[in-house]
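# Overview (structure and organization)
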Amino acid sequence: MSSSSDNGLPPVDTEKPPAPPPPFIEGGLQGYMTVLGAFVALFAAFGQSMAFGSFQLWYSQNQLVDYTASEISWIGSVQLWVFFISGGVVGRLFDAYGPTLLLASGTIILTFSLMMTSLAAKYYELILAQGVVFGIGFGLLFFPSMSATATHFMKYRATALGVAVAGSSVGGVVFPIMLQQLFNKVGFGWAVRISAFVCLACGIIATALVSSRLPKRKPGPWIDVSSLKDANYAIFVLGSALSCLGIFVPMYYIVQYAEGYHVSQTLAFGVLSIMNAGSVFGRIVPSIMADRVGRFNMLVPSTALMGVFTLALWLHADNLATIITYSVFFGFFSGSWFALQSSCIAQISKMEKIGVRMGMAYSLVSFAALVGEPIAGAILTRDNANYTGLIVFTGVSLLLGSLVTLVVKLRINGSLLARV
């Protein structure tokens, strides 16, 4: 029997390695479309999550009136934990299948979770729908969007990721205002259903626009042991985990805090939107600066300043003007923190490991995100609704996180003024 080579045909290579990525082009049309798609995806998923303070207040006065603040905050904490811990799995799936299938699945799951939330009346139902199922959809929309964006940019990676992640802050402005208006006009059920339809439309757009420059390839191991042995990566994850203990606390409790100082419900919801509006600029401006002065050089002071303003302003905020001032500053620097996480991980990682390292980092940080808000809520309950202990816990967590992240910067370059 003659072989294919005998017939003048090239032999078939059954073990053909994956094709190399195409020549690198900074951005390009696909890159810019990916940034737009990621912006829209994060507007829906992260924007909804950042609006949980609105749900926290609503539940405390309606469905879950008999539950403590700590117990209610477990809904949002479970959501964040599932979102974060899904990163390792989603990162691996991203390597194997690319972003499109994951984004389509995330869109369906996120929409379903909100529809189920609109029907939920009991605590365990909200934990399952708004906590577990939403967290899965959140992860399937967030991680592929960010990882895909990172593959299209090198020189301006922090700027691109900052613009993409700014979508979450815009969503964080829109959703609290929208929900507050809809809760009063059409009731809880239809308010959440309308937000679900908004997320469905955003997910469809994101699925159509987001692409990865890298070819699909065989996924690596579930746990990349070599990354865990990289001291810079391990220390960076520890710093992020410490920061995560406190960074979500103001977003969950600022609405309730404002109402405690006789601020109307409309203005209290508005305070959360103001915080998220500050985050829009915080995700873009520091990211642009980071590509010029260094990503770690922006991340470390941004984290530290969140802690400083929490202890200096929120601890003494006893009127609307001071609460708003704190919300603007915290929103700005928290936006910088969220925007620079991915670009800093990418900076200390090889291109082909960005997806799995981002996923692993978020999975490891998930445990801090899970317990941070309930710890703060338990402190609030212990102190009989006095916020001093909660605020100190938040500020100290952020300051410790900034110090640990500073260690990574100094390991890369021992000079404080070096561009890192």
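This is a predicted model, so every value here is computed, not measured.

Where helix α4 (residues 100-119) contacts helix α5 (residues 123-151), the axes come no closer than 8 Å and their chain directions differ by 155°. In this view, α4 runs roughly antiparallel relative to α5, as classed from their interaxial angle. Considering the relative orientation of α4 and α5, their crossing is left-handed. Here α4 contributes Leu102, Leu103, Ser105, Gly106, Thr107, Ile109, Leu110, Phe112, Ser113, Leu114, Met116 and Thr117 to the contact with α5, which in turn contributes Leu126, Ala129, Gln130, Val133, Phe134, Ile136, Gly137, Phe138, Leu140, Leu141, Pro144 and Ser145. Across the contact of α4 with α5, the residue classes break down as 16 nonpolar, eight polar and no charged.

Structurally, Leu101 is set in helix α4. C-alpha separation for the pair Leu101 and Tyr233, spaced 132 residues apart in sequence, amounts to 29 Å.

So, on to the packing of aromatic side chains. A complete count under the given rule lists 40 aromatic pairs for this structure. Judged by centre distance (6.2 Å) and plane angle (65°), the ring pair of Phe84 and Phe248 falls under edge-to-face. With Phe84 in helix α3 (residues 69-97) and Phe248 in the loop between α8 (231-247) and α9 (249-260), this pair connects stretches of sequence that are 164 residues apart. On the numbers, 5.0 Å between centres and 65° between planes, the contact of Phe143 with Tyr362 is edge-to-face. A residue pair is termed long-range when its members are at least 10 positions apart, and Phe143 in helix α5 and Tyr362 in helix α13 (residues 354-382) qualify at 219 residues. A connected cluster of aromatic rings, assembled from ring pairs, spans Phe46, Phe83, Phe84, Phe134, Phe138, Phe142, Phe143, Phe248, Trp337, Phe338 and Tyr362. Sitting above the plane of the Phe46 ring, Arg283 keeps its charged end 5.6 Å from the centroid. Over the ring of Tyr233 we find Arg357; its NZ or CZ atom is 4.7 Å from the centre of that ring.

Applying the stated criterion to the full structure yields four cavities of 30 Å³ or more. Lining the largest cavity, in full, are Phe84, Phe236, Val237, Ser240, Cys244, Trp337, Gln341, Ile345, Ala361, Tyr362 and Val365. Listed by contribution, the elements that provide at least two residues to the lining of the largest cavity are α8, α12 (320-347) and α13. Considering every element that reaches the lining of the largest cavity, the biggest residue donor is α8, with four residues.

Take unusual backbone geometry next. With a phi angle near 65°, His262 is a residue other than glycine that sits in the positive phi range. Looking at the secondary structure, you find His262 in the loop between α9 and α10 (265-293). On the accessibility criterion, His262 (79% relative accessible area) is exposed.

Of all hydrophobic cores here, the largest spans 124 residues; its most connected members are Tyr59, Phe142, Phe248, Tyr253, Ile254 and Leu390. With 15 residues, helix α6 (residues 157-209) is the single largest residue contributor to this core. Residue contacts for Tyr253: discarding those within four places in its chain leaves Gln56, Ala69, Ser70, Ser73, Glu373, Ala376, Gly377, Leu380, Tyr387 and Leu390.

The subject of this paragraph is a nonpolar patch on the surface. A contiguous nonpolar patch, built from Leu29, Tyr32, Met33 and Leu36 and spanning about 410 Å² of accessible area, is present on the exposed surface. With respect to the helices, strands and loops of the structure, Leu29 is situated in helix α1 (residues 28-50). Residue class for Leu29 comes out exposed when judged on its relative accessible area of 65%.

Across the protein chain, the average pLDDT comes to 89, with 93% of residues at or above 70. Within the protein chain, α4 carries the highest mean pLDDT (97), whereas helix α7 (residues 225-228) carries the lowest (84). Under a pLDDT of 50 for its full length, residues 1-10 has, in the predicted model, five contacts with residues more than four places off or in other chains.

Inspection of the entire model under this criterion finds three salt bridges. Notably, a salt bridge pairs Asp230 with Arg357, separated by 3.1 Å at the nearest N-O pair. Residue Asp230 is found in the loop between α7 and α8, and its partner Arg357 is found in helix α13; the two are separated by 127 residues along the sequence. Classification of Arg357 as buried rests on a relative accessible area of 6%.

Criteria and thresholds
Residues numbered from 1 in each chain as written. Predicted model: local features only at pLDDT ≥ 70, side-chain atom pairs only at ≥ 80, totals over all residues. Heavy atoms only, no water. Axes fitted to C-alpha atoms, helices over the stretch in contact; angles between N-to-C directions. Helix = DSSP H or I, 4+ residues; strand = E, 2+ residues; numbered from the N terminus. Parallel < 35°, antiparallel > 145°, perpendicular 65-115°, else oblique. Left-handed = near helix turned anticlockwise from the far one by under 90°. Contact = heavy atoms within 4.5 Å. Nonpolar A, V, L, I, M, F, W, Y, C, P; charged D, E, K, R; others polar. Phe/Tyr/Trp six-rings, centres within 6.5 Å; stacked < 30°, edge-to-face > 60°. Lys NZ or Arg CZ within 6 Å of the ring centre and 35° of its normal. 1 Å grid on protein atoms, 1.4 Å probe; cavity = no way out; pocket = protein on both sides within 12 Å on 5 of 7 lines; lining within 4 Å. Points joined across faces, edges and corners; volume = space filled by probe spheres on them. Buried < 20%, exposed > 50% of the residue type's maximum accessible area, 1.4 Å probe, protein only. Core = buried A, V, L, I, M, F, W, Y, C linked by side-chain atoms within 4.5 Å. Patch = residues over 30% accessible without salt bridge, like charges linked within 9 Å, V, L, I, M, F, W, Y side chains within 5 Å. Areas by Shrake-Rupley, 256 points an atom, 1.4 Å probe, with all protein chains shown as cover. Salt bridge = Lys/Arg side-chain N within 4 Å of Asp/Glu carboxyl O. pLDDT = per-residue confidence, 0-100.

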